[in-house]
Amino acid sequence: MKSVAICLPNSTSPTILVGAPSPLTRPVFKHSSSSTISTCVHSSRTEAPPQIRLPQIDDGYGNYCRTNFPDLLSRAAPNSLLHGGADDLWRRMKEEATSDADQEPILSNYYFNSISSHDSMASALANHLSMKLSNSSLPSGTLHDLFLGVLAEDREIMAAAADDLRAVKERDPACISYVHCFLNFKGFLACEAHRIAHNLWCGGRKILALVIQNRVSEVFAVDIHPGARIGRGILLDHATGVVIGETAVIGDNVSILHNVTLGGTGKASGDRHPKIGDGVLIGAGTCVLGSVGIGDGAKIGAGSVVLKRVPARTTAVGNPARLIGGKDNPVKMDRLPPGLTMDHTSDISQWSDYVI
């Protein structure tokens with residue numbers, strides 16, 4: 001089985017993510033023959049980072065999604081190489097901001113301060129997050145300097161943010177422009193704030209990372225532990241009530257709807273949270289509990305409770321969740337990953353005769 005190593009800032013221990021890396025993003029991941037990962041776990045919980053044994057997930061989907069539909073992938077997937085870099089996206093956002101300000105002059109100062117006055121997306125993101133997350137005892141100026149320093153140190157954060165922006169624009173029909181997402185979509189903002197907090201967490205600044213997590217939870221109603229590892233091209237749709245635990249791992253091009261919990265099963269420390277593969281779609285109100293693997297391109301129906309691994313390209317629904325087609329011979333999807341298509345219902349006839 002193939003696995004992937006994610007080299008984190010200030011760390012010599014790679015994280016291994018099940019499945020081969022998706023071609024839809026830059027090559028952040030590198031192949032490794034190891035079958036374990038080291039997680040950043042708060043020193044008060046464990047004396048040393050535990051070695052996580054990943055579940056054996058069928059990774060046949062990786063080869064399937066790479067070559068069979070290149071034309072469809074180019075239209076559906078966030079890809080820095082296909083869509084241009086962050087600089088091209090930033091120019092597009094500034095044009096959109098100018099157009100919006102022309103249409104609504106009352107917002108001219110808002111767009112100027114948030115977008116037009118900045119020379120880079122990193123500067124605008126640091127400013128916008130600092131304004132959103134500040135309070136009387138945590139000044140926006142202090143947060144701005146902190147965020148800008150992290151973004152300057154770790155350029156991969158902005159590359160991931162650009163892929164996240166494209167993911168929202170391409171998968172969410174309610175998103176009317178990139179600048180609209182950048183300024184107003186709390187799922188996007190929570191995800192980028194988490195990327196900054198994760199950098200601080202893995203750099204040893206855990207108290208500060210936890211403070212940012214708390215502010216994100218209070219402001220955006222999204223609770224992501226700074227130790228969680230998240231890939232690129234992520235859509236947190238609506239985002240309210242999303243909870244992601246400390247040792248969770250999320251792959252690339254994943255779409256997660258509101259009120260989703262990637263949680264543990266008790267009070268045990270160490271590895272205790274789900275491992276989500278590439279191209280996964282997780283429906284609203286779903287709970288995935290424990291260190292279980294969700295294979296590449298799998299789909300979890302809304303309101304499901306998942307306690308066991310879900311193989312690649314399969315669909316799990318219900319409480320407790322069951323595989324469509326049965327566990328011995330589950331139906332496997334032969335289309336683009338649901339995390340890209342946002343297709344929630346195409347297989348409903350195979351497990352339900354429900355009609356209105």
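What counts, and at which threshold
- Residues numbered from 1 in each chain as written.
- Predicted model: local features only at pLDDT ≥ 70, side-chain atom pairs only at ≥ 80, totals over all residues.
- Heavy atoms only, no water.
- Helix = DSSP H or I, 4+ residues; strand = E, 2+ residues; numbered from the N terminus.
- Buried < 20%, exposed > 50% of the residue type's maximum accessible area, 1.4 Å probe, protein only.
- Contact = heavy atoms within 4.5 Å.
- Areas by Shrake-Rupley, 256 points an atom, 1.4 Å probe, with all protein chains shown as cover.
- Arc of directions from axis to C-beta.
- Axes fitted to C-alpha atoms, helices over the stretch in contact; angles between N-to-C directions.
- Parallel < 35°, antiparallel > 145°, perpendicular 65-115°, else oblique.
- Nonpolar A, V, L, I, M, F, W, Y, C, P; charged D, E, K, R; others polar.
- Pairing = 2+ DSSP bridges.
- Salt bridge = Lys/Arg side-chain N within 4 Å of Asp/Glu carboxyl O.
- Expected span 1.5 Å × (residues − 1).
- pLDDT = per-residue confidence, 0-100.
- Phe/Tyr/Trp six-rings, centres within 6.5 Å; stacked < 30°, edge-to-face > 60°.
- Lys NZ or Arg CZ within 6 Å of the ring centre and 35° of its normal.

(A) Spatial organisation of the overall build of the protein. A count of helical and extended segments in the protein gives 12 helices and 20 strands. In the protein, which comprises 356 residues, the share counted as buried stands at 55%. Taking as baseline every contact in the protein between residues at least 6 positions apart, the subset at least 24 positions apart corresponds to 54%. On the protein, roughly 15300 Å² of surface is accessible, and the fraction owed to carbon and sulfur atoms is 53%.

(B) Looking closely at helix 5 (residues 108-116). Inspection of helix 5 places Tyr111, Ser114 and Ile115 among the buried residues, and these make up the whole buried set. Axial view of helix 5: buried residues confined to an arc of 85 degrees, hence all on one face. For helix 5, the elements touching its buried residues are helix 4 (86-103), helix 6 (121-133) and helix 9 (178-184).

(C) Focus on the packing of helix 4 against helix 5. Running from amino to carboxyl end, helix 4 crosses helix 5 at an angle of 170 degrees, the nearest separation of the two axes being 9 Å. Judged by the inter-axis angle, helix 4 sits roughly antiparallel to helix 5. Residues Trp90, Met93, Lys94, Ala97, Asp100 and Ala101 of helix 4 touch helix 5, and the partners they reach there are Ser108, Tyr111, Ile115 and Ser116. Of the residues that constitute the contact of helix 4 with helix 5, the class distribution is 6 nonpolar, 2 polar and 2 charged.

(D) Structural view of unusual backbone geometry. Of the consecutive residues Asn319 and Pro320, the connecting peptide bond is found in the cis state with omega at 0 degrees. By secondary structure assignment, the location of Pro320 is in the loop between strand 19 (315-317) and strand 20 (322-323). You will see that Ala221, though not glycine, has its phi angle at about 60 degrees, which is positive. Looking at the secondary structure, you find Ala221 in the loop between helix 11 (206-220) and strand 6 (223-224).

(E) Broad picture of the sheet that holds strand 17 (residues 299-300). The strand order across the open sheet built from 6 strands is 8-11-14-17-19-20, with neighbouring strands paired in mixed fashion. For this open sheet the edge positions go to strand 8 (235-236) and strand 20, each flanked by a neighbour on one side alone. For strand 19 and strand 20, the ladder comprises 2 bridges, and the chain directions are antiparallel. The partner of Ala316 across the bridge, within strand 20, is Leu323.

(F) Main features of the environment of Leu336. Mapping Leu336 onto the fold places it in the loop between strand 20 and helix 12 (338-341). Taking C-alpha positions, Leu336 is 9.5 Å from Arg313, a pair spaced 23 residues apart along the chain.

(G) Broad picture of the pattern of salt bridges. Scanning the model with the defined rule gives 11 salt bridges in all. Among the ionic pairs, Arg195 bridges to Asp164, the shortest N-O distance being 2.8 Å. Residue Arg195 is found in helix 10 (residues 186-202), and its partner Asp164 is found in helix 8 (residues 156-171); the two are separated by 31 residues along the sequence. Note on accessibility: Arg195 and Asp164 belong to one class, buried. Of the charged contacts, one joins Glu218 and Arg215 as a salt bridge, the two residues approaching to 2.5 Å between their closest N and O atoms.

(H) Spatial organisation of helix 11. With 15 residues, helix 11 ought to run about 21 Å at 1.5 Å a step, and its terminal C-alpha atoms sit 21 Å apart, in line with that. Turning to helix 11, its buried residues number three or more, namely Lys206, Ala209, Ile212, Gln213, Arg215, Val216 and Phe220. Each element contacted by the buried residues of helix 11 is listed here: helix 6, helix 7 (140-153), helix 10 and strand 6. Two residues or fewer past helix 11, Ala221 is found with a positive phi of approximately 60 degrees.

(I) Molecular detail of the confidence of the model for the protein. This prediction gives the protein a mean pLDDT of 81; 73% of its residues lie at or above 70. Confidence drops under a pLDDT of 50 for residues 1-82, and excluding neighbours within four residues, the segment shows 201 contacts in the predicted structure.

(J) Layout of the sheet that holds strand 18 (residues 305-306). Strand order in the open sheet formed by 5 strands is 6-9-12-15-18, and the pairing between neighbours is parallel. Each edge of the open sheet carries a strand with a single partner, namely strand 6 and strand 18. Alignment of strand 6 against strand 9 (residues 243-244), held across 2 bridges, turns out to be parallel. Across the sheet, the residue bridging to Ile224 is Ile244, located in strand 9.

(K) Quick look at the environment of Ala302. For Ala302, the position within the fold is in the loop between strand 17 and strand 18. Distance in space between the C-alpha atoms of Ala302 and Val317 is 7.3 Å, their sequence separation being 15 residues. With residues near it in sequence (within four places) discarded, Ala302 still touches Gly283, Ala284 and Thr286.

(L) Broad picture of the environment of Asp237. With respect to the helices, strands and loops of the structure, Asp237 is situated in the loop between strand 8 and strand 9. The spacing of Asp237 and Gly283 is 46 residues in sequence and 9.8 Å in space, taken between C-alpha atoms. Excluding residues within four positions of it along the chain, Asp237 makes contact with Asp172, Ile256, Leu257, His258 and Met342.

(M) Quick look at the packing of aromatic side chains. Inspection of every chain in the model, using the stated rule, returns 2 aromatic pairs. Consider the rings of Phe182 and Phe188, whose centres lie 6.0 Å apart with planes at 45 degrees: the pair is tilted. Across the pair, Phe188 and Phe182 agree in class, each one buried. Geometry around Tyr178 places Lys169 over its ring, the cationic atom sitting 5.8 Å from the centre. Its end group placed over the ring of Trp201, Lys206 keeps NZ or CZ at 4.9 Å from the ring centre.

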